[in-house]
Protein chains: 2
Amino acid sequence: MNISHRPSRPRLLIIGGGFAGLNLAKTVDKRRWDVTLVDRHNYHSFPPLFYQVASSGLESSDICFPFRREMRSRKVKGVRYRLGDVKAIDFAAKQVRTQFETIAYDSLVIAAGTTNNFFGIPDLREHVYTIKSVAQAIRCRNEVLDRLERAAISSDPAVKARLLTFVVVGGGPAGVEIAGALGEMKRYVIPREYPGLSREEMKVILVESSDALLRAMSKASGEDAFEALGRLMVDVRLGKTVKAYENGVVSFTDGSAIETETVIWTAGVTGETFSVEGTEAAPGPGNRWLVDEYNRVEGLPDVYAIGDIALHVSSDYPRGCPQVAQVAIQQARNLGRNLSSGRFDRPFKYKDKGSMATIGRNKAVVDIGKIHLSGWPAWAAWMGVHLMSLLGMRNKAVVLLNWMVSYFTFSAGLRLMLRPSKYPLRSYWDK
Amino acid sequence: MNISHRPSRPRLLIIGGGFAGLNLAKTVDKRRWDVTLVDRHNYHSFPPLFYQVASSGLESSDICFPFRREMRSRKVKGVRYRLGDVKAIDFAAKQVRTQFETIAYDSLVIAAGTTNNFFGIPDLREHVYTIKSVAQAIRCRNEVLDRLERAAISSDPAVKARLLTFVVVGGGPAGVEIAGALGEMKRYVIPREYPGLSREEMKVILVESSDALLRAMSKASGEDAFEALGRLMVDVRLGKTVKAYENGVVSFTDGSAIETETVIWTAGVTGETFSVEGTEAAPGPGNRWLVDEYNRVEGLPDVYAIGDIALHVSSDYPRGCPQVAQVAIQQARNLGRNLSSGRFDRPFKYKDKGSMATIGRNKAVVDIGKIHLSGWPAWAAWMGVHLMSLLGMRNKAVVLLNWMVSYFTFSAGLRLMLRPSKYPLRSYWDK
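Trainee: So what exactly am I meant to see when it comes to the packing of helix H7 (residues 173–193) of chain A against helix H8 (residues 219–231) of chain A here?
Mentor: Axis angle and axis distance: for two packed helices, these are the angle between their axes and the distance between the axes, and together they describe the pair. Residue and element names in this part refer to chain A. As a packed pair, H7 and H8 sit with axes 9 Å apart at the nearest point and diverge in direction by 20°. In terms of orientation, H7 and H8 fall into the roughly parallel class. In the packing of H7 onto H8, the handedness of the crossing is left-handed. Together, Val 176, Ala 179, Gly 180 and Arg 187 of H7 and Ala 225, Leu 229 and Arg 231 of H8 make up the contact between the two elements. Partitioned by chemical class, the residues of the contact of H7 with H8 number four nonpolar, one polar and two charged.

Next comes the structure, spelled out in structure tokens:
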């Protein structure tokens, strides 16, 4: 089936099926628009829990949901799904090119999200572990477990020390959460399961370039996270900016350095990029597409952008809305309503419902307006919100079960080093 | 920690933590033996359900259990686990070499199992999909889903036909089960989730070189399986031997050929191999190590073999016991008792408790002695036996939940194409 035919309704093409793209597909009127969603994966995934996949607490399928399965549900019925990694957009010809095909559109929504930002540090991408996709999270899990196993085997103290030093870069929610999970592994798993290692030998170091953790949240949240990580024996170092990571040594701009075989990079994001054709327009700062209050991309008729890849500058947010799930969902619903009515009479305004992060068992921080919660109530709230937000009853049930098992056994149970199969040689990436 | 020190008890080294190795570790007296288990994976896995991982019914972690977690349980407490892929055994020096280290032993148990047998067909390994490990099963799942997505995109009828033709080679339990699962996907998933495809376009072909399916089971079981597969629209072709698979064409010795992009190979196994040093001894037919009725490898003192890699010829089984879980478990328990007492007064005798295979929902075949069961009772028995045999309560609960969801929704829910992360470039396989 090739959809370059012209149906009776105008063709709306959505690039990306994350929080933004999928919620738009749900909201927009399918009687008015012929909707196609293209995504490089065949599943919707849940980024807030990637760190739990990376730390063996959850399995990939617990937080992913196949698009085709979702397309059977009432709200998205009739939306077409197509697998494809968008390589280029020709805004003049109104066409999008993936590795497989060319798709024509009448209106286009860019909701492709962000990827890791390495700030131009040479070769960093090739040597650090990241958690911006499920596949990256699994790779990170494999490598952390590999370090522990190889340390258990090693008889050279210097090699062992390097293997047991884990450096997490970035003090945002992802960095704090993965450092907390590694801290729990150090505190609860090492003493019971690695008879040849002591927990004092394992070092978890969280480095942040600014002077506080969780800067997007309240001061109290940042301070609570700092203390909680300390109790999990995580060494938090503020005001440290990575200069390079070469030959097993991560060096900082202040001249200090740490020997380590494992750097987990959560220090920043940048918009996904495509080759842009048929226009002079280009994305703005952070590779984000500048949009007006109706999520219309400036200078490009019939093109919209929502979610992390959109940059909407307002008096409340002079540097753009934060790149979080709530903004994506609210923009998607707003744009969906405007596209359905065709009137574009409802401007977008972000309603901050609050933000949260977790740092191990019984411990989280939550900000709702001026209210700050921490400790057990915050942790319960964190779990409730994340469970409710997952797609699919099966996923909710399995995640709850995994969390209960981890809670009562004091250990993340899914510690599999699952390496990709070597054969056959032909691989997706070669295509 | 290097274990080439000599403890007060003799050192028993077990290669492989499958059904054979893990059950031996459980049975053998840890006060008498200083036990170490070495395995190339950090988890015990459950091969009878690999096909369900390959067909999106279960997730890898549902049927795997980390060794270090298991080593906390009462029966295996005190057993040391070491990650390592055994590359060589020096029987004279009494040492085993992995990619990481050299391990000395006093007594050795080879329980390394089997791998795929390609019968010397050139380049086959590089082009077919196999399901002899969890990683291989996930690769198979990814590629099957990839074919469906690319077929949904393709506008060339010839390309589409090749993408939608799935050839399963081998009519044993693995081949029958994966063909049945693909048949269910064709029957229940294609019509509901792939609007651009019809189920008539998807072809599942099961080829077997002999004249019957499930030859290790009763004639009635083979015939029932044949019929059940027919109802799932699987095209079963008997008496067909693969000659080659080149350029997208699988050719047979009778001159016929099938154009396909996907060949799933379950046609045979052969013992895992190592470089053998310090002895003239070598494995026998099928790379299996010849053992006497006490699981002692012939000609090699203090060396034992159990499970699929052992070849025990008896009057009941002149070509060796079947390579199934029950034999491995019974041999492990027998050897464990003999090693514990040190007397070797209990010869091994295989008690056949029956065999079973499943072919989709509500359908299985079971042979217990002369009794043959099929249909719903056999299917319930199959599920019960497999659930009970899984390690860990969490795994049992998640597998049951996944089976219930699949049963009521008529679809295997975990259809994720989870490609390995491309970065960082350094990979396990390069080490």
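After that view, the rundown keeps rolling.
Trainee: How do you make sense of the sheet that holds strand E8 (residues 102–104) of chain A when you look at a structure like this?
Mentor: Either a parallel or an antiparallel arrangement is found when strands of a sheet pair, and the pairing is made through backbone hydrogen bonds. Residues and elements named next belong to chain A. In space, the four strands of this open sheet follow the order E8-E7-E6-E19, with mixed pairing throughout. In this open sheet, the two strands that pair with only one neighbour each are E8 and strand E19 (275–277). In this sheet, adjacent strand axes meet at a mean angle of 20° when their direction is disregarded. As paired elements, strand E7 (residues 95–98) and E8 share three bridges and run antiparallel to each other. Opposite Arg 97, over in E8, you have Thr 102 as the bridge partner.

Trainee: Could you clarify how one ought to interpret the interface of chain A and chain B in this entry?
Mentor: Size of an interface: often given as the accessible area lost when the parts come together. At the interface, 70 residues of chain A touch 70 residues of chain B. Across the chain A-chain B interface, the total number found is four salt bridges. Mapped by element, the contributors of at least two residues to the side of chain A that touches chain B are strand E4 (64–66), helix H3 (67–70), strand E5 (80–83), helix H4 (124–127), helix H5 (134–153), H7 and helix H11 (393–409) of chain A. Here the element with the most residues in the side of chain A that touches chain B is H5 of chain A; it accounts for 13 residues. Its residues placed into classes, the side of chain A that touches chain B shows 32 nonpolar, 14 polar and 24 charged.

Trainee: I tried to follow the sheet that holds strand E21 (residues 303–305) of chain A on my own but got confused; where do I start?
Mentor: Residue and element names in this part refer to chain A. The strand order across the open sheet formed by five strands is E5-E2-E1-E9-E21, and the pairing between neighbours is parallel. Whereas interior strands pair on both sides, the edge strands pair on one side only; in this sheet they are E5 and E21. Neighbour-to-neighbour, the strand axes of the sheet open up by a mean angle of 20°, direction not taken into account. Of the pairings in the sheet, the one linking strand E1 (residues 11–15) to strand E9 (residues 107–110) comprises four bridges and is parallel in character. Of the residues in E9, the one forming a bridge with Ile 15 is Ile 110.

Trainee: Looking at this model, I keep getting lost on the relation of the copies chain A and chain B. Mind explaining?
Mentor: Copies of the same chain, two in number, are related to each other by a rotation about an axis and a translation along it. If you rotate chain A by 180° and push it 0.0 Å along the axis, it lands on chain B with an RMSD of 0.0 Å. Seen this way, the second copy is the image of the first under a two-fold rotation axis. The share of interface residues of chain A whose copies in chain B are also at the interface is 100%, consistent with both copies meeting through the same surface.

Trainee: Teacher, can you tell me more about the nonpolar core here?
Mentor: Across soluble globular proteins, nonpolar side chains have a tendency to be buried as a group. Leu 24, Ile 63, Leu 206, Leu 229 and Leu 339 of chain A are the most contacted members of the largest nonpolar core, which totals 95 residues. In contact with Leu 206 of chain A, other than residues within four places in its own chain, are Val 168, Gly 170, Gly 175, Val 176, Ala 179, Leu 213, Leu 229, Val 234, Asp 235, Val 236 and Arg 237 of chain A. Ranked by size, the runner-up nonpolar core spans 93 residues in total, among them Met 417 of chain A together with Val 53, Ala 111 and Leu 206 of chain B.

Trainee: Any chance you could explain the environment of Thr 102 of chain B here in plain terms?
Mentor: All names here are of chain B. Structurally, Thr 102 is set in strand E8 (residues 102–104). Taking C-alpha positions, Thr 102 is 9.9 Å from Gly 84, a pair spaced 18 residues apart along the chain. Discounting chain neighbours no more than four positions away, the residues touching Thr 102 are Gln 95, Val 96 and Arg 97.

Trainee: What is the right way to look at the pattern of salt bridges in this model?
Mentor: Side chains that differ in sign of charge can pair as their charged atoms come close. Residues and elements named next belong to chain B. The tally for this structure, following the rule as stated, stands at 58 salt bridges over all chains. Across the pair Asp 302 and Lys 94 runs a salt bridge, and its minimum N-O distance is 2.7 Å. Taken as a pair, Asp 302 in the loop between strand E20 (289–290) and strand E21 (303–305) and Lys 94 in the loop between strand E6 (86–90) and strand E7 (95–98) lie far apart in primary sequence, 208 residues in all. The partly exposed category is assigned to Asp 302, whose relative accessible area is 33%.

Trainee: Any chance you could explain helix H8 (residues 219–231) of chain B here in plain terms?
Mentor: Within an α-helix, residues lying three or four positions from one another point in the same direction, as the helix has 3.6 residues per turn. All names here are of chain B. The first and last C-alpha atoms of H8 sit 19 Å apart over 13 residues, in line with the 18 Å expected at 1.5 Å per residue. The complete set of buried residues in H8 reads Ser 221, Gly 222, Asp 224, Ala 225, Ala 228 and Leu 229. Viewed end-on, H8 has its buried residues packed into an arc of 160°, placing them on one side of the element. In this structure, the buried side of H8 is in contact with helix H7 (173–193), strand E12 (203–208), strand E13 (234–238), strand E24 (364–368) and strand E25 (371–374). Following H8 by one or two positions, Met 233 adopts a phi angle in the positive range, close to 65°.

Trainee: How should I be thinking about a positive patch on the surface in this particular structure?
Mentor: A grouping of Arg 74, Lys 75, Arg 333, Arg 337, Arg 346, Lys 351 and Lys 353 of chain A is seen on the molecular surface, where their side chains present a positively charged patch. Arg 333 of chain A gets classed as partly exposed once you look at its relative accessible area, which sits at 37%.

Trainee: How should I be thinking about a nonpolar patch on the surface in this particular structure?
Mentor: A cluster of nonpolar residues, Ile 368, Ile 371 and Leu 373 of chain A, forms a patch on the protein surface that exposes about 250 Å² of accessible area. Here Ile 371 of chain A is to be found in strand E25 (residues 371–374).

Trainee: Is there a simple way to think about the packing of aromatic side chains in this case?
Mentor: Where two aromatic rings form a pair, the distance of their centres and the angle of their planes describe that pair. Residues and elements named next belong to chain A. For the structure on display, the rule yields 22 aromatic pairs over all chains. When the ring of Phe 91 is compared with that of Trp 289, the centres are 5.8 Å apart and the planes differ by 55°; the resulting orientation is tilted. In this pair, Phe 91 sits in the loop between strand E6 (86–90) and E7 while Trp 289 sits in strand E20 (residues 289–290), placing the two residues 198 residues apart along the sequence. Side by side, Phe 91 and Trp 289 carry an identical accessibility label, which is buried. Aromatic pair Tyr 317 and Tyr 350: ring centres 5.7 Å apart, planes at 50°, arrangement tilted. Of the two residues, Tyr 317 sits in the loop between strand E22 (310–311) and helix H9 (325–341) while Tyr 350 sits in the loop between H9 and strand E23 (355–358), which places them 33 residues apart along the sequence. Take Tyr 317: its relative accessible area is 23%, and that puts it in the partly exposed class. Residue class for Tyr 350 comes out buried when judged on its relative accessible area of 10%. Here Arg 361 stacks its cationic end above the ring of Tyr 407, 4.2 Å away from the centre of that ring.

Trainee: Would you explain the confidence of the model for chain A in this entry?
Mentor: Residues of chain A with pLDDT of at least 70 account for 96%, and the chain-wide mean is 92. Low pLDDT, under 50, characterises residues 426–431 of chain A; the stretch is placed with 16 contacts to residues that sit more than four places away or in other chains.

Trainee: Quick question: what am I supposed to make of the packing of helix H1 (residues 19–27) of chain B against helix H9 (residues 325–341) of chain B here?
Mentor: All names here are of chain B. Packing of H1 against H9 leaves a shortest axis separation of 8 Å and a crossing angle of 30°. The angle between the axes of H1 and H9 places the two elements in the roughly parallel class. In terms of crossing hand, the pair formed by H1 and H9 is right-handed. Taking contact as the criterion, the partners of Phe 19, Ala 20, Asn 23, Leu 24 and Thr 27 in H1 are, on H9, Ala 325, Ala 328, Ile 329, Ala 332, Arg 333, Leu 335, Gly 336, Arg 337, Leu 339 and Ser 340. When grouped by side-chain class, the residues that make up the contact of H1 with H9 number nine nonpolar, four polar and two charged.

Trainee: Help me out: how do you make sense of helix H5 (residues 134–153) of chain B in this one?
Mentor: Given a rise of 1.5 Å per residue, 20 residues ought to cover 28 Å, and the 29 Å separating the end C-alpha atoms of H5 of chain B matches this to within 8%. A large share of H5 of chain B lies buried, amounting to 20 of its 20 residues.

Trainee: It is not clear to me how the side chain of Ser 45 of chain B should be interpreted in this structure. Could you clarify?
Mentor: Residue and element names in this part refer to chain B. Looking at the secondary structure, you find Ser 45 in strand E3 (residues 43–45). Judged by its relative accessible area of 17%, Ser 45 falls in the buried class. Residues in contact with Ser 45, not counting those within four places in the same chain, are Phe 50, Ile 63, Cys 64 and Val 134.

Trainee: Hey, could you run me through the environment of Leu 391 of chain A in this one?
Mentor: Residue and element names in this part refer to chain A. Assignment of secondary structure puts Leu 391 in the loop between helix H10 (375–389) and H11. Looking at Leu 391, the relative accessible area reads 18%, which means it is buried. In contact with Leu 391, other than residues within four places in its own chain, are Leu 22, Lys 26, His 44, Phe 65 and Glu 70.

Trainee: Any chance you could explain the pairing of strand E23 (residues 355–358) of chain B here in plain terms?
Mentor: For a regular strand, side chains alternate in direction, first toward one face of the sheet and then toward the other. All names here are of chain B. Pairing geometry for E23 and E24, over four bridges, is antiparallel. The residue bridging Ser 355 from the neighbouring strand is Asp 367, located in E24. Turn length for the E23-E24 hairpin, with the two strands adjacent in sequence and antiparallel, is five residues, and the turn residue Gly 360 shows positive phi of about 90°.

Cut-offs used in this document
- Residues numbered from 1 in each chain as written.
- Chains lettered and ligands numbered in written order.
- Predicted model: local features only at pLDDT ≥ 70, side-chain atom pairs only at ≥ 80, totals over all residues.
- Heavy atoms only, no water.
- Axes fitted to C-alpha atoms, helices over the stretch in contact; angles between N-to-C directions.
- Helix = DSSP H or I, 4+ residues; strand = E, 2+ residues; numbered from the N terminus.
- Parallel < 35°, antiparallel > 145°, perpendicular 65-115°, else oblique.
- Left-handed = near helix turned anticlockwise from the far one by under 90°.
- Contact = heavy atoms within 4.5 Å.
- Nonpolar A, V, L, I, M, F, W, Y, C, P; charged D, E, K, R; others polar.
- Pairing = 2+ DSSP bridges.
- Salt bridge = Lys/Arg side-chain N within 4 Å of Asp/Glu carboxyl O.
- Least-squares fit on C-alpha atoms with pLDDT ≥ 70 in both.
- Core = buried A, V, L, I, M, F, W, Y, C linked by side-chain atoms within 4.5 Å.
- Buried < 20%, exposed > 50% of the residue type's maximum accessible area, 1.4 Å probe, protein only.
- Expected span 1.5 Å × (residues − 1).
- Arc of directions from axis to C-beta.
- Patch = residues over 30% accessible without salt bridge, like charges linked within 9 Å, V, L, I, M, F, W, Y side chains within 5 Å.
- Areas by Shrake-Rupley, 256 points an atom, 1.4 Å probe, with all protein chains shown as cover.
- Lys, Arg positive; Asp, Glu negative; His and termini not counted.
- Charge placed at Lys NZ, Arg CZ, Asp CG, Glu CD.
- Phe/Tyr/Trp six-rings, centres within 6.5 Å; stacked < 30°, edge-to-face > 60°.
- Lys NZ or Arg CZ within 6 Å of the ring centre and 35° of its normal.
- pLDDT = per-residue confidence, 0-100.

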